[in-house]
Amino acid sequence: MNWSFQLYSARKFPPWDRILKLLADAGYAEVEGFGGIYDDPAGFRAELDRNGLAMPTGHFSIDALENDFDGVRRIADALGVKLMVCPYLVPEARPSDTTGWRGFGERLAKAGERAKAAGYGFAWHNHDFEFKALPDGSVPMEHLLSAAPGIGWEFDVAWCVRGGSDPMRWIDRHGQRISAVHVKDIARPGEGQDEDGWADVGHGSMDWAKLLRALRAETPAKYFIMEQDNPNDIERFARRSLAAVQSYQDAKG
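What counts and what doesn't
- Along each chain, the written sequence defines residue order, and numbers are assigned to residues from 1.
- Local features in a predicted model are, by the rule used here, given only for residues with pLDDT of at least 70; side-chain atom pairs are given and counted only at 80 or more, and totals for whole chains, interfaces and linings are based on all residues.
- Calculation of side-chain values draws on the structure's entire complement of heavy atoms; hydrogens and water are dropped beforehand.
- Put simply, DSSP H or I for four residues or longer makes a helix, DSSP E for two residues or longer makes a strand, and each gets a number counted from the N terminus.
- Restricting the calculation to C-alpha atoms gives the radius of gyration, and the globule rule supplies 2.2 Å times the number of residues raised to the power 0.38.
- Only protein chains enter the calculation, and the probe is 1.4 Å; a residue is then buried if its accessible area is under 20% of its type maximum, exposed if over 50%, and partly exposed in between.
- In summary, the charge assignment counts Lys and Arg as positive and Asp and Glu as negative, without counting His or the chain termini.
- By convention, the point assigned to a charge is CZ for Arg, NZ for Lys, CD for Glu and CG for Asp.
- Here the axes come from fitting lines to C-alpha atoms, over the contacting stretch only for helices, and the angles between their N-to-C directions go from 0 to 180 degrees.
- By definition in this entry, angles of less than 35 degrees are roughly parallel, angles greater than 145 are roughly antiparallel, angles of 65 to 115 are roughly perpendicular, and the rest are oblique.
- Helix crossings fall into two classes, left-handed where the near helix is turned counterclockwise from the far one by less than a right angle and right-handed where it is turned clockwise.
- Working rule for contacts: check all heavy atoms of both residues, and any pair within 4.5 Å makes them a contact.
- Any two strands are treated as partners once DSSP identifies two or more bridges connecting them.
- Convention used here: a crossover is right-handed provided that the path from the first strand, over the helix, to the second strand proceeds clockwise when the strands point away from the viewer.
- Buried residues of nine kinds, namely Ala, Val, Leu, Ile, Met, Phe, Trp, Tyr and Cys, make up a nonpolar core once their side-chain atoms join them within 4.5 Å.
- For this scheme, ten residues count as nonpolar: Ala, Val, Leu, Ile, Met, Phe, Trp, Tyr, Cys and Pro. Four count as charged, namely Asp, Glu, Lys and Arg, and the remainder, Gly too, count as polar.
- Arc definition: it is the arc formed by the directions from the helix axis to the C-beta atoms.

**Student:** Got a minute to help me understand the overall build of the protein in this structure?
**Tutor:** Helices and strands together make up the secondary structure of the protein, namely ten helices and ten strands. Taken over C-alpha atoms, the radius of gyration comes to 18 Å for the protein, in line with the 18 Å a tight globule of 253 residues would show. The principal-axis extents of the C-alpha atoms in the protein amount to approximately 45 × 45 × 35 Å. The burial tally for the protein puts 55% of its 253 residues in the buried class. Averaging the coordinates of the 30 positive side-chain charges in the protein and doing the same for the 38 negative ones gives two points 3 Å apart.

**Student:** Just checking my understanding: could you explain the packing of helix α6 (residues 140-147) against helix α8 (residues 167-174) for this structure?
**Tutor:** The angle between the axes and the distance between the axes are what describe a pair of packed helices. Two elements in contact, α6 and α8, have axes separated by 13 Å at closest approach and are oriented at 20°. When the axis of α6 is compared with that of α8, the two are roughly parallel. Considering the relative orientation of α6 and α8, their crossing is right-handed. Of α8, the residues touching α6 (which contributes M141, E142 and L145) are R169, W170, R173 and H174.

**Student:** I'm lost on the environment of Y223 in this one. Help?
**Tutor:** Mapped onto the fold, Y223 is located in strand β10 (residues 223-226). Residues Y223 and M1, 222 residues apart in the sequence, show an inter-C-alpha distance of 8.9 Å. Every residue in contact with Y223, bar those within four places of it in the chain, is listed here: E30, P56, T57, K82, L83, S179, A180 and V181.

**Student:** When you look at the pairing of strand β3 (residues 54-59) in this model, what are you seeing that I'm missing?
**Tutor:** In the case of a regular strand, side chains alternate between the two sheet surfaces. The buried fraction of β3 amounts to five of the six residues, a majority that puts the element mostly inside the structure. Where strand β2 (residues 30-33) and β3 come together, three bridges link them in parallel fashion. Looking at β3, one finds that E32 is bridged to T57. Following the chain from β2 across helix α2 (residues 41-50) to the adjacent parallel β3, one finds a crossover that is right-handed. Pairing geometry for β3 and strand β4 (residues 83-86), over three bridges, is parallel. Paired with G58 across the two strands is M84, which belongs to β4.

**Student:** What is the right way to look at the sheet that holds strand β7 (residues 178-183) in this model?
**Tutor:** One key point about sheets: their strands pair by backbone hydrogen bonds, in either a parallel or an antiparallel sense. Ordered in space as β1-β10-β7-β6-β5-β4-β3-β2, the eight strands form an open sheet in which the pairing is parallel. Strand pairing shows two members of the sheet lacking a second neighbour, β1 (3-5) and β2, which therefore form its edges. This sheet shows a mean twist of 30° between the axes of neighbouring strands, independent of strand direction.

**Student:** Looking at this structure, I do not really get the nonpolar core. What am I missing?
**Tutor:** For soluble globular proteins, nonpolar side chains are generally found buried alongside one another. With 78 residues, the main nonpolar core has F5, L7, M84, W124, W208 and M226 as its most contacted residues. Top element by residues in this core is helix α5 (residues 98-117). It accounts for six residues. Other than its neighbours up to four places away in sequence, M226 contacts W3, S4, F5, Q6, S9, Y28, V183, V201, F237, S241, L242 and V245. With six residues, the next largest nonpolar core counts V85, A180, Y223 and I225 among its residues.

**Student:** For this particular structure, what's the right way to read the packing of α5 against α6?
**Tutor:** It is at 8 Å that the axes of α5 and α6 come closest, and there the two elements cross at 40°. The angle between α5 and α6 places the two elements in the oblique class. Seen from above, α5 lies across α6 with right-handed handedness. Residue-level inspection shows T98, W101, R102, F104, G105, E106, L108 and A109 of α5 in contact with α6, the latter providing P140, H143, L144, S146 and A147. Of the residues belonging to the contact of α5 with α6, the class tally is seven nonpolar, four polar and two charged.

**Student:** I tried to follow helix α4 (residues 69-79) on my own but got confused; where do I start?
**Tutor:** All of the buried residues in α4 are F69, G71, V72, I75, A76 and L79. Projection of α4 onto a plane perpendicular to its axis shows the buried side chains occupying an angular sector of 160°, all on one side. Elements in contact with the buried residues of α4: α2, β3, α3 (62-67), β4 and α5. Looking one or two residues past α4, G80 carries a phi angle of roughly 85°, positive in sign.

Listed below in C-alpha cells is the structure:
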C-alpha cells in the first residue's frame, strides 16, 4: 500500500522543495495538502512531480468550501486532489447542543453534494472536540455522521483517543464511513513534552499494529496518512513512523 504524509506536520521546516525530496527519499508515495501550501498550486505540483509524489487528498476549510468552491476546485485540479477533506471548526463556531451539531452536519452534507457533483470525494476530519459529551450525553461525531450520511470520514485516531473515546468502538460501528485515516501516536506518560504530547508512530502509547489490522479489515479506507502536529525533528518523525507501519505490514504478510 502507499503511505501518505500530511504536510501540516512539516510546516515549521521549510523550504518545501527540501521537504518533498526528504519524503520521497524516505519512501513515501503520497502527501496530503493543507492551506499553507496552496498559494502556488501549479508550482507545488511541479515539485511533487519532480519527486514522484502524488497528492490525492487535501484539506480545505468550511469557509472556502461554502464560499469559494470554484477556487477550491482550481487548487484541487492543479494538485491532483481526488478527496476533499474539511478539517476543522474553530472553537467560537462550534455548536453547544445536538441541534447545532446536526445543523453543521447538514452544511457538510451540502458541501459534500457539491464536491460529489464536481467529481470529488468528500470527508470530514475529526479532532478531539467531536467526542466530548453534549448536555444530553450524546457526542457531536454521531450527529455529524447521521446528518451527513453521504460524506466520508477521515478518521484521526489519536485525536479520538485524546477526546476520551475508544477508536475500536467507532471502527466497529462506523467503519464503512472511514475513507481515510490519520496515523499518529500519543506519547507515553512523561515523554513528548516538547512535542505537545505526540510521538513518532510506533514509538508512543497506541497499538498501531492492532489498529491498522482493524482499519484494513473493517473500512474501505484508501489513504493512510502519517501526521504529527508538532514534531521537533521532521526527518526522524517521517522515517521512524514509516518504518514502524511497514514493519506491521510485513509482519502481517
